[in-house]
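# Breakdown of the fold
Take a look at the letters that make up each chain.
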Amino acid sequence: MSTPLEFIQSHRAQFERELCDLLRIPSVSTLPARRDDVRAAADWIATHLRDIGLTVDVIPTTRHPLVYAEWLQAPGRPTVLGYGHYDVQPSDPDELWTTPPYSPTIRNGGLYARGAADDKGQLFTLIAAIRAYVRTRTPAPVNVKLIIEGEEESGGESIAAYVRSHGDRLRADAALVLDFGVFAPGIPAIALGLRGIVGGEIEVQGAARDLHSGLYGGVAPNPFQALAEIITRIKDADGHVLIPGFYDRVAPPDALERAAWDRLPFDEAAFLREEVGSTALTGEPDYTPLERMWARPTFEVHGMPGGFTGEGTKTVIPARATAKISMRLVPHQDPGEIRSLASAHIRSLAPRGTRVDVRLWHGAKPVVMPPTLPAVAAAQRALSEAFGREAVFTRMGGSVPIVADFIEELNIPTVVTGWATPDANAHSPNERLDLEHFHKGIVAVIRFFERIGGRA
Ligand code: BES
Ligand code: ZN
């Protein structure tokens, strides 16, 4: 009988094949037309977990199902709550994919598909690690509860409601959230902070209906012009957000944390060239790029639906225009408060002749964790062993809404980590899971279980 580490070594090809099956399901949570696909992905995971021998519950919600599973075979030992999500972001623009988003393809050591890195591939490592113990009949070093959601990419409200009402069922000694990435290829990372988010849309109404721009140009308000004026008064050219009170609760990272960031192998020029690909980085000049991405709040526009965007010309003054926006929040900004401050400010900016409507969704709180938590220390050692490189402490500019609830509602020390590489193209065409990192990720989960369980 082999060990769990030997098992995963001899099952690499099989894991990759199975992950491809899951990646063929277009489980885009934000698109109502994909509802059945989201459900199919939940069922795929439930079936897979049952095959391994776990007790599984597919929990219906008002939107997409939650998958809850238990592997409680280590009485007296600690319990780990594992988290991941099976939903994905939309794949568009599809024409920019080298191979289609839901036809997983391996090339140059990477597995290309929507969701390969964010988050199906990472979620899979958690499941593969458990399977390695079960199949090799190795005594479980820890108990594991898994809570897997299908709405992370579109707000995550169902899991939040579940966590609030089923705290007892989810009780655990540590949570392992696999929805992040390495700092650089081969350098594992643990996020000690996540930004929060508030997002939504601004709708501007001008004339009662679309108007001929020759007949009415010069007198009728143009809602796109209005949106442009509004947007430049929400954030200035230096990246400073102009919403009154926006920065009041922002807490800077302490000197120790900031000093640690200065020691990270971050090459600004390479970052600009290889990851961002623009001619310059933007944002607040008084902060370093890492500070701007991890410890400063932002405002961004994602798209401006409305008006004429077809081929050719149409000389029209559209009646309506919309901007989809979000703000990333840092400790200790409060999503509810930021929602009110932002709505009031944006409504006050309505140019003459327009009506401005602001609709912001619930949002997610920012979080920070101390590096001194025993679970974090265990993860740091486990990751360092698995990758053969010291794991670093970073923060993450993105959001995983449920993490704040794990910490504040359930009081569970939470480790946020993952295996996605900087070239993973999360939310973008040609999303990619680096297969070397994927397999090391499974090793890291096994080593984490051993450390938390006190066997290493
Ligand atoms: N896994 C990502 C966050 C992430 C992205 C981590 C890239 C590391 C590298 C997560 O699924 C995500 O994108 N969350 C959304 C949440 C939002 C829609 C509420 C985000 O941050 O935009
Ligand atoms: Zn994710």
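Cut-offs applied
- Residues numbered from 1 in each chain as written.
- Chains lettered and ligands numbered in written order.
- Predicted model: local features only at pLDDT ≥ 70, side-chain atom pairs only at ≥ 80, totals over all residues.
- Heavy atoms only, no water.
- Near = heavy atom within 4 Å.
- Polar contact = N/O pair within 3.5 Å; in protein donor to acceptor, adjacent residues only side chain to side chain.
- Nonpolar A, V, L, I, M, F, W, Y, C, P; charged D, E, K, R; others polar.
- Axes fitted to C-alpha atoms, helices over the stretch in contact; angles between N-to-C directions.
- Helix = DSSP H or I, 4+ residues; strand = E, 2+ residues; numbered from the N terminus.
- Parallel < 35°, antiparallel > 145°, perpendicular 65-115°, else oblique.
- Left-handed = near helix turned anticlockwise from the far one by under 90°.
- Contact = heavy atoms within 4.5 Å.
- Donors = N, O, S within 2.8 Å, 3.2 Å for Na, K, Ca; no water.
- Buried < 20%, exposed > 50% of the residue type's maximum accessible area, 1.4 Å probe, protein only.
- Pairing = 2+ DSSP bridges.
- Patch = residues over 30% accessible without salt bridge, like charges linked within 9 Å, V, L, I, M, F, W, Y side chains within 5 Å.
- Areas by Shrake-Rupley, 256 points an atom, 1.4 Å probe, with all protein chains shown as cover.
- Salt bridge = Lys/Arg side-chain N within 4 Å of Asp/Glu carboxyl O.

### Thoughts on the site of ligand 1
Taken together, 13 residues surround ligand 1, and among them E152, D179, R328, S399 and H427 come closest. Note that an oxygen atom of ligand 1 is positioned 2.7 Å from one of the side-chain N or O atoms of R328. Partitioning the shell around ligand 1 into residue classes produces four nonpolar, four polar and five charged.

### A look at the packing of helix α3 (residues 35-52) against helix α4 (residues 116-135)
Packed helices, taken two at a time, are described by the angle between their axes plus the distance between the axes. Following both chains from N to C, one finds α3 and α4 inclined at 20°, their axes separated by 10 Å at the closest point. Relative to α4, α3 is oriented roughly parallel. Helix-helix and strand crossings are classified by hand; for α3 and α4 the assignment is left-handed. In contact with W44, I45, H48, L49, D51 and I52 of α3, α4 contributes L123, F124, I127, R131, V134 and R135. Of the residues that constitute the contact of α3 with α4, the class distribution is eight nonpolar, one polar and three charged.

### Describing the coordination of the zinc ion (ligand 2)
Surrounding the zinc ion (ligand 2) are the protein donor atoms H85 (NE2), D118 (OD), D179 (OD) and D179 (OD), which sit 1.8 to 2.7 Å from the metal. Mapped onto the sequence, the donors of the zinc ion (ligand 2) take the spacing H-x32-D-x60-D. Remark: D179 occurs in the loop between β7 (174-178) and β8 (189-194) and H85 occurs in strand β3 (residues 79-85); sequence separation between them is 94 residues. Of the two residues, H85 and D179, neither departs from the other in class, the shared state being buried.

### Quick notes on the sheet that holds strand β14 (residues 355-360)
Read across the sheet, four strands follow the order β11-β13-β9-β14 without closing on themselves; strand pairing throughout is antiparallel. The outermost strands of the open sheet, each flanked by one partner alone, are β11 (298-303) and β14. With direction set aside, neighbouring strand axes in the sheet form an average angle of 25°. Sheet topology note: the strand β9 (residues 196-205)/β14 ladder contains six bridges and is antiparallel. Of the residues in β14, the one forming a bridge with I202 is V358. Against the sheet, helix α7 (residues 223-232) contacts β9, β11, β13 (320-329) and β14, and its axis sits at roughly 20° relative to β13. Seen against the sheet, helix α11 (residues 335-348) touches β9, β13 and β14 and runs at an angle of roughly 170° to β14.

### Points about the side chain of T354
By the element assignment, T354 lies in the loop between α11 and β14. For T354, a relative accessible area of 14% corresponds to the buried category. At 2.7 Å, the side chain of T354 and the backbone oxygen of P351 are in polar contact. Sequence-distant contacts of T354, defined by excluding residues within four places in its chain, comprise V204, Q205, P221 and A226.

### Topic: a nonpolar patch on the surface
Where nonpolar side chains cluster on the molecular surface, the patch consists of L215, Y216 and V219 and spans about 330 Å² of accessible area. As for its placement among the helices and strands, V219 is situated in the loop between α6 (213-216) and α7. Taking the relative accessible area as the measure of exposure, V219 reaches 67% and is therefore exposed.

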